[in-house]
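Read off the chains here:
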Amino acid sequence: MRKISLNGQWNLVATTVEQNNYGIVNGSSFTMPVPGSVQDALIDQAIVPDPYYGCNELETIFIGKSDWNISRSFSLDYDPSKHYILHLEKVDTVASLFVNDCFVSSFDNEHRIFDLDVTSFLVSGENSIEFRFRSSEKLAIERAASLDHPSPCSRYKYDSPHRNLVRKAQCNAAWDWGLCLQTIGIYEDIVLYECSDVYLKSFSAIPKKVASGWELCVCARVLAFRSCSASVCASVAGCSMSVDASLVSGENPVAFSVAVPDSSVELWWPNGLGEQKLYDVLLCVDSFEKHRNIGFRTIEVKNKSTMGGKELTVCVNGFDVFCKGANWIPLDARPALQSAERFDSIIASVAAANMNMLRVWGGGWYEKEEFYDACDRYGILIWHDLMFSCSTYPAEPWFLQSVEAELRNQVRRLSSRTCIALWCGNNECLGALGWYEETRANLPLYIKDYEKLYVNWIDHILVEEDPSRMYWPSSPCAGPGDYSDNWHSDGNGDMHYWTVWHERKDFEAYHDVRPRFCSEFGYQSFPSLSEVSSFAVPEDYDIHSAVMDHHQRNDEGNSIIEEMFSRYFNAPKDFASTLYLSQVQQAYAIETAVTYWRSLMPYCMGTLYWQLNDVWPVSSWSSIEYSGKWKALHYAARRFYSCAAPLIYIEGDKLYVKVANDGRKAVSDELLFSLVDFEGNVIRLERMPLSVRSVSVSDALVLDLSSLDRRGTFACASFAGVESTLLLCRPKDALIRDPDFRIDSIKEVSGGFDVEISSSRPAFYVMLDASSVCGRFDDDFFTLNGRRVVHFYCNEDVSLEDFSSSLCIRDLYSSFSDGGCDNG
């Protein structure tokens, strides 16, 4: 076997180009690195502007509306006794392939994987290869016109129409947090394989627990060019198994198992519950070798009737896991900017915030291997949507056939992944049946389409391809065959709770529901000032400016944030304080929800807030900014998702203090609870030893607040090194004083900087900000009452002087009054 890489510089030609301001006409030619996209090539060569800056997105939309060709030549020492297979992934999206000017194949599904026999098209010496790309928007419009009934989808600002009729990342067409960047290109390595008798297309390796230890269930898919026999061997953890397979011409599944005793492996656990031990699996067929890293673990998703409804509980190695985390969207709208280093960095941030699960949302794509590598490595379970979101989809034969090929490709690629906990049919497509005028007018017709796609078609494909995992029909969903409104119904399955954001309810409305598993809920904030400076100039520093409005894609986003400011906070004094206070408010909202729902454990067994990350710098629901910088919410999550954590919340005139433990062992420690006035005086102190059982919540205190000065007091609780603070009234009503806080010293230490700060009175929602310096604090967004040293983990070379000048500190009081520390 010989591998020939076709990566490198290709020729890019505009063939049918839309009107633009950059002199690009039919026949204009450029260079383009492959893997890569047309957009990235034109941006990187400064032919078009960066769509992330200002309102430049509008200047680049024409690229996705145009047609483009990419081509190159390559030299081949052609051997007529061999076979040549061209391996392609992530061909985005509508294209035709020509080799030496001969048509080979067409493409219309970005999620598919292709192994094309191009033997008959190649010659010895120079060969040409060309992809002729057509605008996916043009195809979508044509398909919409040909349907026998409309297939509506949700629409967004500046979006590309009928996105649901082309199998590419749905959010490329714009979302309420994303720009319209209808990318065109190829995003994985292009490899030509020279083979003798066989070609190894793929293999899976899934561990199964048996009485004697483990069976590693292996399935190799071997393409044979003639009837022959081949030795197929798999090895892992010092154990191996070899079979002699009789192959027929065509694709051959070769299945067998490798016996692995318990003593040879250690269990893989989700983050916070144990180690993430991974083992290399080597599969050999003829001269082909492929590797996979796997962990040995059992996984089950329980959906049994318990406590008055149907649970949704993820069980790993026999242990019920309280799932803590967020929703994942694509790492970047520009494919060229997705790197292994960025995947590792953001998943490390997920683990550092004590999360153990991400939900791969159905409007993106099946992720790059580097994403799953990082999740396996850091112990992050994956709730994996299939790539359908917020739309109806046609149930016509051409669509079903394309989806079948897509799913068989992707599930075979991903089923060995230790991190993947379940497959979910779609995001909100069940609920979408009631969103559109067309569907409401003929609901039985659209329910029939829905069932044909997700129940009759996808369900059986998933059962065939990966019986080791649950297939959950939709998110949110009460369960198979149950079409309940799980935006408001909370007793079964998973819930999406958007009443607080979309319906503008008070944050206390999070206490009105008791979800078994809440897989979406969220609240927006603005990005930090350093993030804003990456796309705007100071003249644009107003949330209602044209540029800031362009980077706010939710039509009501600003008004909702400002309306809730008026309910809970004093008006911010300036632009920087507005950005800061929006992040305070976001963290306040999500902590209110998680604290209460976590107190319901084990009735509630999961909270995944919307959303973790951003595809570009934007106002959104994320807890990590596009640049990788942590927002206040992510620092708050690090505390409220701690394995053992104190929970404080108010209902009516009662203050509840509880301690949650979702770990595998009981946690014993002293709970320290205090009531403190705004001068910093402790007016009540309680110490009590507690032993909190695994996966349980212990009730510690219930206090009657009716006779307490709630405007002049706050509550603190600490347990097992985790502290929680709660104002006893809405922040705008609290009679907080000027904390008189200051930076006492900044010292350069190994790995970063130590910042010592102090205050004369309690300071709330203290936020240290290192501007655009790459790194994070070991703790941030906290209550300061006295003196504290905070460490900054620095990820770049920065002098003490530059770090000091970048550093500023904000708190609640300084957001509406003169105060705060700005060291710059």
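Since the structure is predicted, the reported quantities are computational estimates derived from the model, not experimental observations.

Basis of the calculations
Residues numbered from 1 in each chain as written. Predicted model: local features only at pLDDT ≥ 70, side-chain atom pairs only at ≥ 80, totals over all residues. Heavy atoms only, no water. Helix = DSSP H or I, 4+ residues; strand = E, 2+ residues; numbered from the N terminus. Rg over C-alpha atoms; globule rule 2.2 N^0.38 Å. Buried < 20%, exposed > 50% of the residue type's maximum accessible area, 1.4 Å probe, protein only. Areas by Shrake-Rupley, 256 points an atom, 1.4 Å probe, with all protein chains shown as cover. Pairing = 2+ DSSP bridges. Axes fitted to C-alpha atoms, helices over the stretch in contact; angles between N-to-C directions. Contact = heavy atoms within 4.5 Å. 1 Å grid on protein atoms, 1.4 Å probe; cavity = no way out; pocket = protein on both sides within 12 Å on 5 of 7 lines; lining within 4 Å. Points joined across faces, edges and corners; volume = space filled by probe spheres on them. Nonpolar A, V, L, I, M, F, W, Y, C, P; charged D, E, K, R; others polar. Salt bridge = Lys/Arg side-chain N within 4 Å of Asp/Glu carboxyl O. Parallel < 35°, antiparallel > 145°, perpendicular 65-115°, else oblique. Left-handed = near helix turned anticlockwise from the far one by under 90°. Phe/Tyr/Trp six-rings, centres within 6.5 Å; stacked < 30°, edge-to-face > 60°. Lys NZ or Arg CZ within 6 Å of the ring centre and 35° of its normal. Expected span 1.5 Å × (residues − 1). Polar contact = N/O pair within 3.5 Å; in protein donor to acceptor, adjacent residues only side chain to side chain.

Enquirer: Which residues make up the overall build of the chain, and what values do they have?
Expert: The helix and strand tally for the chain stands at 17 helices and 50 strands. Computed over its C-alpha atoms, the radius of gyration of the chain comes to 28 Å, within 12% of the 28 Å expected for a compact globule of 824 residues. Overall, the C-alpha framework of the chain stretches about 90 × 70 × 60 Å when taken along its three principal axes. Buried positions account for 62% of the 824 residues belonging to the chain. Put simply, the chain shows about 29,200 Å² of open surface, and 47% of that area lies on carbon and sulfur atoms.

Enquirer: So what's going on with the sheet that holds strand β3 (residues 29-34)? Which residues, and what values?
Expert: Here we have six strands laid out as an open sheet, ordered β3-β2-β5-β11-β8-β9, and antiparallel in their pairing. Edge positions in the open sheet fall to β3 and β9 (102-107), since each of these has one partner strand only. For this sheet, the mean angle separating the axes of adjacent strands, direction not counted, is 25 degrees. The sheet contact formed by strand β8 (residues 94-99) and β9 spans five bridges and is antiparallel. Within β9, the position partnered with S96 by the bridge is S106. Against the sheet, helix α3 (residues 136-146) contacts β2 (8-16), β5 (67-76), β8 and β11 (125-134), and its axis sits at roughly 50 degrees relative to β11.

Enquirer: Would you mind going over the layout of surface pockets in detail, with residue names and values included?
Expert: When its volume is computed, the largest pocket comes out at roughly 1,300 Å³. Looking at the largest pocket, it is lined by 47 residues, and the ones nearest its centre are H87, E89, K290, E369 and R413. Within the residue set of the lining of the largest pocket, elements represented by two or more residues are β6 (83-89), β10 (113-117), β15 (191-195), β16 (198-210), β22 (288-294), α5 (369-378) and α6 (397-414). Here the element with the most residues in the lining of the largest pocket is β22; it accounts for seven residues. Tallied by class, the residues present in the lining of the largest pocket amount to 14 nonpolar, nine polar and 24 charged.

Enquirer: Which residues make up the pattern of salt bridges, and what values go with them?
Expert: The full count for this structure, using the stated rule, is 53 salt bridges. Among the salt bridges present, the one from R143 reaches D108, with a minimum N-O distance of 2.7 Å. Remark: D108 occurs in the loop between β9 and β10 and R143 occurs in helix α3; sequence separation between them is 35 residues. Accessibility expressed as a relative area gives 13% for R143, which makes it buried.

Enquirer: I'd like to hear about the packing of helix α14 (residues 575-598) against helix α15 (residues 632-640), residue by residue, with values.
Expert: Across the interface, α14 lies against α15 with an axial gap of 8 Å and an inter-helix angle of 25 degrees. Classed by the angle they form, the pair α14 and α15 counts as roughly parallel. Crossing of α14 over α15 shows right-handed handedness. Contacts from Q583, Q586, A587, I590, E591, V594 and R598 in α14 reach A632, L633, A636 and F640 in α15. Its residues assigned to classes, the contact of α14 with α15 comprises seven nonpolar, two polar and two charged.

Enquirer: Could you give an account of the sheet that holds strand β14 (residues 185-186), naming the residues involved and the relevant values?
Expert: As summarised here, the arrangement of the three strands in space is β4-β14-β7, forming an open sheet in which the pairing is antiparallel. Of all the strands in the sheet, the pair left with one neighbour each is β4 (36-37) and β7 (91-92).

Enquirer: Quick rundown of the packing of aromatic side chains? Include the residues and the values.
Expert: Taken as a whole, this structure holds 59 aromatic pairs when the rule is applied. Between F388 and Y454 the ring centres are 5.6 Å apart and the planes differ by 85 degrees, which places this aromatic pair in the edge-to-face class. On the criterion of sequence distance, the pair formed by F388 in the loop between β30 (381-385) and α6 and Y454 in helix α9 (residues 443-465) is long-range, its members being 66 residues apart. Here the two residues F388 and Y454 agree in accessibility, since each one is buried. Cluster of aromatic residues (ring-pair linked, three or more members): W498, W501, F507, Y523, Y568, F569, Y588 and W621. The positively charged end of R664 is found above the aromatic ring belonging to W269, 3.7 Å away from the centroid.

Enquirer: Describe unusual backbone geometry, naming the residues involved and giving the relevant values.
Expert: With an omega of -10 degrees, the peptide bond between D92 and T93 qualifies as cis. Along the polypeptide, T93 turns up in the loop between β7 and β8. The residue after S475, namely P476, is reached through a cis peptide bond having omega 0 degrees. Within the secondary structure, P476 is located in the loop between β32 (470-472) and β33 (495-496). Of note in this structure, A174 is not a glycine but carries a positive phi near 100 degrees. Inspection of the secondary structure assignment puts A174 in strand β12 (residues 173-175). With a relative accessible area of 0%, A174 lands in the buried category.

Enquirer: Account for helix α4 (residues 340-352), with residues named and values stated.
Expert: When the terminal C-alpha atoms of α4 are compared, their 18 Å separation across 13 residues agrees well with the 18 Å that a helix rising 1.5 Å per residue should span. Residues of α4 that are buried include every one of F343, I346, I347, S349, V350, A351 and A352, and no others. Looking at the packing, one finds that the buried side of α4 touches β28 (323-328), β29 (357-360), α5, α15 and β46 (775-777). Looking one or two places after α4, you find N354, whose phi comes out positive at around 65 degrees.

Enquirer: Describe in detail the side chain of S402, supporting the description with residues and values.
Expert: Positionally, S402 belongs in helix α6. Look at S402 and you get buried, because its relative accessible area is 11%. Within the structure, S402 has its side chain in polar contact with the side chain of N109 (distance 2.9 Å). Once residues lying within four places of it in the same chain are set aside, the contact partners of S402 are D108, N109, R112 and R167.

Enquirer: Outline the environment of W10, listing residues and values.
Expert: In this structure, W10 sits in strand β2. Considering only alpha carbons, one finds W10 and L579, 569 residues apart in sequence, at a separation of 43 Å. With near-sequence residues (within four places) excluded, W10 lies in contact with F30, T31, M32, V34, I70, S71, R72, I129, F131 and I190. Here the side chain of W10 touches L6 through a polar contact of 2.9 Å, landing on its backbone oxygen.

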